[in-house]
Amino acid sequence: MIYFDKVSKTYSATSIALDGVSLAIEPKEFVSIVGRSGAGKTTLLKLLLAEEKPSSGEVYFESFNVHNATPNEVIQIRRRIGCVFQDFRLLPSKTAFENIAFAMEAAGAADADIAVDVPQALELVGLADKAWHFPNELSGGEKQRVAIARAIVNRPDVVLADEPTGNLDPISMREIMGLLKSINELGTTVILATHNHDIVNALEKRVVTIESGKVVRDDKKGRYMIK
Amino acid sequence: MATGVTIQRIIRGGFMSFWRNGWVSLTATLVMTLAVFVIGSLLFSNVLLTSALSQIEGQVDISVYFRTDAAEQDILAANAAIAQLPQVRSIAYVSRDDALAKFRARHAGNALITQSLDELADNPLQASLNIRAESPEQYEVIARFLESSVYQAIIDKVNYFQNQVVIERLSKVLSAGRAVGLGITIALAAIAVLVVLNTIRLAIYVARDEISVMKVVGASSAYVRGPFVVSGALYGIFAAFITTVLFYPLTFWFGPQAAKFFGGLNLFHYYLAHFFQIFLILLSCGILLGTLSSVIAIRRYLKV
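All of these numbers come straight from a predicted model, not from anything done at the bench.

S.K.: Account for the overall build of chain B, naming residues and giving values.
M.R.: A count of helical and extended segments in chain B gives 11 helices and 4 strands. Taken over C-alpha atoms, the radius of gyration comes to 31 Å for chain B, far larger than the 19 Å a tight globule of 304 residues would show. Overall, the C-alpha framework of chain B stretches about 100 × 40 × 35 Å when taken along its three principal axes. The buried share of chain B, reckoned over its 304 residues, is 42%. Of the contacts made within chain B by residues no fewer than 6 positions apart, 80% connect residues no fewer than 24 positions apart. Counting only carbon and sulfur atoms, one obtains 65% of the accessible surface of chain B, whose full area is about 16,600 Å². Of the side-chain charges in chain B, 23 are positive and 18 negative, and the distance between the mean point of each set is 26 Å.

S.K.: Kindly report on the pattern of salt bridges, identifying the contributing residues and their values.
M.R.: Oppositely charged side chains can pair when the atoms bearing their charge come close. All names here are of chain A. Counted by the stated rule, this structure contains 21 salt bridges over all chains. Between lysine 9 and glutamate 52 there is a salt bridge, with the nearest N and O atoms lying 3.9 Å from each other. One end of the pair, lysine 9, is in strand β1 (residues 2–12); the other, glutamate 52, is in the loop between α1 (41–48) and β4 (56–61), with 43 residues separating them in the sequence. Glutamate 52 shares its class with lysine 9; the two are buried. Linked by salt bridges that have partners in common, Lys9, Lys46 and Glu52 make up one network.

S.K.: Describe the interface of chain B and chain A, with residues and values.
M.R.: Residue-level contacts link 18 residues of chain B with 26 residues of chain A. Across the interface of chain B and chain A, roughly 2,000 Å² is buried in total on both sides, 57% from carbon and sulfur atoms. Seen at the junction of chain B and chain A, the total is 3 salt bridges. Note that arginine 20 of chain B is salt-bridged to glutamate 98 of chain A, the shortest N-O span being 2.5 Å. Joining chain B to chain A, the criterion identifies 9 residue pairs in polar contact (both at pLDDT 80 or more). Counting only elements with at least two residues in the side of chain B that touches chain A, the list comes to α1 (3–20) and α8 (208–216) of chain B.

S.K.: Tell me about the side chain of lysine 94 of chain A, residues and numbers included.
M.R.: Here lysine 94 of chain A lies in the loop between β6 (81–85) and α3 (96–106). Buried within the structure, lysine 94 of chain A lacks any salt-bridge partner; glutamate 98 of chain A is the closest side chain of opposite charge, at an N-O distance of 5.5 Å. If sequence neighbours within four positions are ignored, lysine 94 of chain A has contacts with Asn99, Phe102, Phe134 and Pro135 of chain A together with Arg20 of chain B.

S.K.: Describe the sheet that holds strand β7 (residues 158–162) of chain A, and please don't skip the residues or the numbers.
M.R.: All names here are of chain A. Spatial ordering of the open sheet is given by β6-β7-β8-β3-β9-β10, a layout of 6 strands whose pairing is mixed. Each edge of the sheet is formed by a strand with only one pairing partner; in this case those strands are β6 and β10 (214–219). Within this sheet the neighbouring strands show an average axis-to-axis angle of 15°, counted without direction. The pairing of β7 with strand β8 (residues 189–194) spans 5 bridges and is classified as parallel. What sits directly across from aspartate 162, in β8, is alanine 193.

S.K.: So, the domain arrangement of chain B: which residues are in play, and what are the values?
M.R.: Interface size is commonly expressed as the accessible area that is lost once the parts come together. The domains assigned to chain B are domain 1 (3–56 + 172–302) and domain 2 (68–153). Inter-centroid distance (C-alpha atoms) of domain 1 of chain B to domain 2 of chain B is 53 Å.

S.K.: Tell me what's going on with the nonpolar core, and back it up with residues and numbers.
M.R.: Core analysis: the largest hydrophobic core is formed by 88 residues, its most contacted members being Val118 and Leu180 of chain A. When residues of this core are assigned to their parent elements, the largest contribution, 10 residues, is made by helix α9 (residues 221–262) of chain B. Beyond its immediate stretch of four places on either side in the chain, valine 118 of chain A contacts Phe97, Ile100, Ala101, Met104 and Val153 of chain A. Counting residues in hydrophobic clusters, the runner-up holds 32 residues, among them Leu23, Leu48, Ile81 and Ala193 of chain A.

S.K.: Tell me about the packing of α8 of chain B against α9 of chain B, and name the residues and values.
M.R.: Residues and elements named next belong to chain B. Their axes nearest at 9 Å, the elements α8 and α9 cross at an angle of 145°. Of the two elements, α8 crosses α9, and the hand of that crossing is right-handed. For the pair formed by α8 and α9, the contact residues are Ile211, Met214 and Lys215 on the first element and Ser221, Val224 and Phe228 on the second. Class assignment of the residues belonging to the contact of α8 with α9 gives a composition of 4 nonpolar, 1 polar and 1 charged.

S.K.: Could you give an account of the environment of valine 224 of chain B, naming the residues involved and the relevant values?
M.R.: Residues and elements named next belong to chain B. Mapped onto the secondary structure, valine 224 falls in helix α9. The exposure class assigned to valine 224 is buried, which follows from its relative accessible area of 0%. Placed 74 residues apart in sequence, valine 224 and isoleucine 298 show a C-alpha to C-alpha distance of 9.3 Å. Dropping the residues within four chain positions of it, valine 224 is found in contact with Ile211, Met214, Lys215, Ala219, Ile298 and Leu302.

S.K.: Tell me about helix α2 (residues 71–79) of chain A, and please be specific about residues and values.
M.R.: Of all the positions in α2 of chain A, only Val74, Ile75, Ile77, Arg78 and Arg79 of chain A are classed as buried. Where α2 of chain A is buried, its residues contact β4, β5 (64–65), β6 and α3 of chain A together with α8 of chain B.

S.K.: Requested: an account of the packing of aromatic side chains, with residues and values cited.
M.R.: Using the criterion set out here, one finds 16 aromatic pairs over all chains in the structure. Between phenylalanine 18 of chain B and phenylalanine 238 of chain B, the aromatic rings sit 5.3 Å apart at their centres with planes inclined by 5°, giving stacked as the arrangement. With phenylalanine 18 of chain B in helix α1 and phenylalanine 238 of chain B in helix α9, the pair connects residues that are 220 residues apart, well separated along the chain. On the basis of relative accessible area, phenylalanine 18 of chain B is assigned to the buried category, the value being 14%. By the ring-pair criterion, three or more aromatic residues cluster together here, those being Phe37, Phe44, Phe247, Tyr248, Phe252, Phe268, Tyr270, Tyr271, Phe275 and Phe276 of chain B. Positioned over the ring face of phenylalanine 85 of chain A is arginine 89 of chain A, at 4.4 Å from the centre of the ring. Cation over ring: lysine 157 of chain B sits above tyrosine 65 of chain B, and NZ or CZ is 5.1 Å from the ring centre.

Conventions used here
- Residues numbered from 1 in each chain as written.
- Chains lettered and ligands numbered in written order.
- Predicted model: local features only at pLDDT ≥ 70, side-chain atom pairs only at ≥ 80, totals over all residues.
- Heavy atoms only, no water.
- Helix = DSSP H or I, 4+ residues; strand = E, 2+ residues; numbered from the N terminus.
- Rg over C-alpha atoms; globule rule 2.2 N^0.38 Å.
- Buried < 20%, exposed > 50% of the residue type's maximum accessible area, 1.4 Å probe, protein only.
- Contact = heavy atoms within 4.5 Å.
- Areas by Shrake-Rupley, 256 points an atom, 1.4 Å probe, with all protein chains shown as cover.
- Lys, Arg positive; Asp, Glu negative; His and termini not counted.
- Charge placed at Lys NZ, Arg CZ, Asp CG, Glu CD.
- Salt bridge = Lys/Arg side-chain N within 4 Å of Asp/Glu carboxyl O.
- Buried area = accessible area lost by both parts, 1.4 Å probe.
- Polar contact = N/O pair within 3.5 Å; in protein donor to acceptor, adjacent residues only side chain to side chain.
- Pairing = 2+ DSSP bridges.
- Axes fitted to C-alpha atoms, helices over the stretch in contact; angles between N-to-C directions.
- Domains from an automatic or database assignment.
- Core = buried A, V, L, I, M, F, W, Y, C linked by side-chain atoms within 4.5 Å.
- Left-handed = near helix turned anticlockwise from the far one by under 90°.
- Nonpolar A, V, L, I, M, F, W, Y, C, P; charged D, E, K, R; others polar.
- Phe/Tyr/Trp six-rings, centres within 6.5 Å; stacked < 30°, edge-to-face > 60°.
- Lys NZ or Arg CZ within 6 Å of the ring centre and 35° of its normal.

As structure tokens, then:
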């Protein structure tokens, strides 16, 4: 479904983010990409979203070569990928409901569908009672749950989660991981980038370890080994 | 998706972000008001300048005095021939009798003059033609025509040649006045546009992270840009309203003073008479400035 073919990303001669990474991700997989900060995890996700271009190599989303895609195809690809970030990246001047609705509106959903799906997504993440709160009125965990609701409301094929628990307390962390597991169980591919070994080891799913821009381990039921 | 729904969402999004980002909107609107005010002031200054210049132009004319023994039909023939010239805007014939009547009226209170006139056997005043040209530099052409025409025999004098230096100088001053006015207008309008552009750039710079999120969530560039353009138009609309209202007390106070100083037009009367045209001009400038600035400012952030 997703295929990274010998992908390298160099920002400057001394800053090599990815170095010849090849990686295939199958539908419905839950893949944790682990490594220290700066290992290249986020770059890998940005390449898939076409937020950045690779210096060499190719990234495929199904049959699309992401970086040869037309702007319109990039939009279509992004609508099939839901994103969750460490810093939540909610729109500050929109309420929880509107943040989630925005993803549907942008994708051209009908008002009637938005009126049904957004409350459902809020219900799923346990925030039905905070629909009309603005992001600055929500806790970190709540913001991340809104972000997850936004990521899944268009029923994407893939959810990318970049350090989704990085800014959260242990309880919120467990809640967020529980949500990601449920999303995966419902049939959505989940790609989780993190440097938190506890949550990776608790998952018992595939683990890809990246060090200095290279894939050094890829275990089907892996653990995050700390050197 | 139906385009109508998209447009509706974009407009709603623009209004919402205008309202919710209150401080940014207030600042942008105030700066825009300043710019629209400058444009409005330029409009009024131009009206004032044009009116003052044409007033001065209107004061310039040349008079052709005919010999007292010239036959009236010859003078009328000259009148008709001069009126044919394309450079002539208007021509007025003052017969000897009219001239006398005017002279008497002007000096009605002066017994000495009235008595002196009564004692004269004949009317001492000459018939004349007062000629106004389309523009001051054309007086020379008219004067040359008179000099070389068949009517020269009955012409006693043409006062252009006495006033030639003054008219030429005035003509130069008037065209310089127009050029300077145009130059100042263009320079100030350009400054106003740049200030607005930079303010809106700043407002959009503040929202650059939001823009990248919108793009990553799968919004098209047009869908992201739309609400910012609507907000930009709203800054312009509010600025036009504020400026139009501000001009009421300002022209009320400044109009009579300017009329006294420059002569002629009272800006307050002009403002009232052209209220809707002025408002429409300011509104168009505001909307155009706001939307164009937004489109230009957001461009670089859409390349995600």
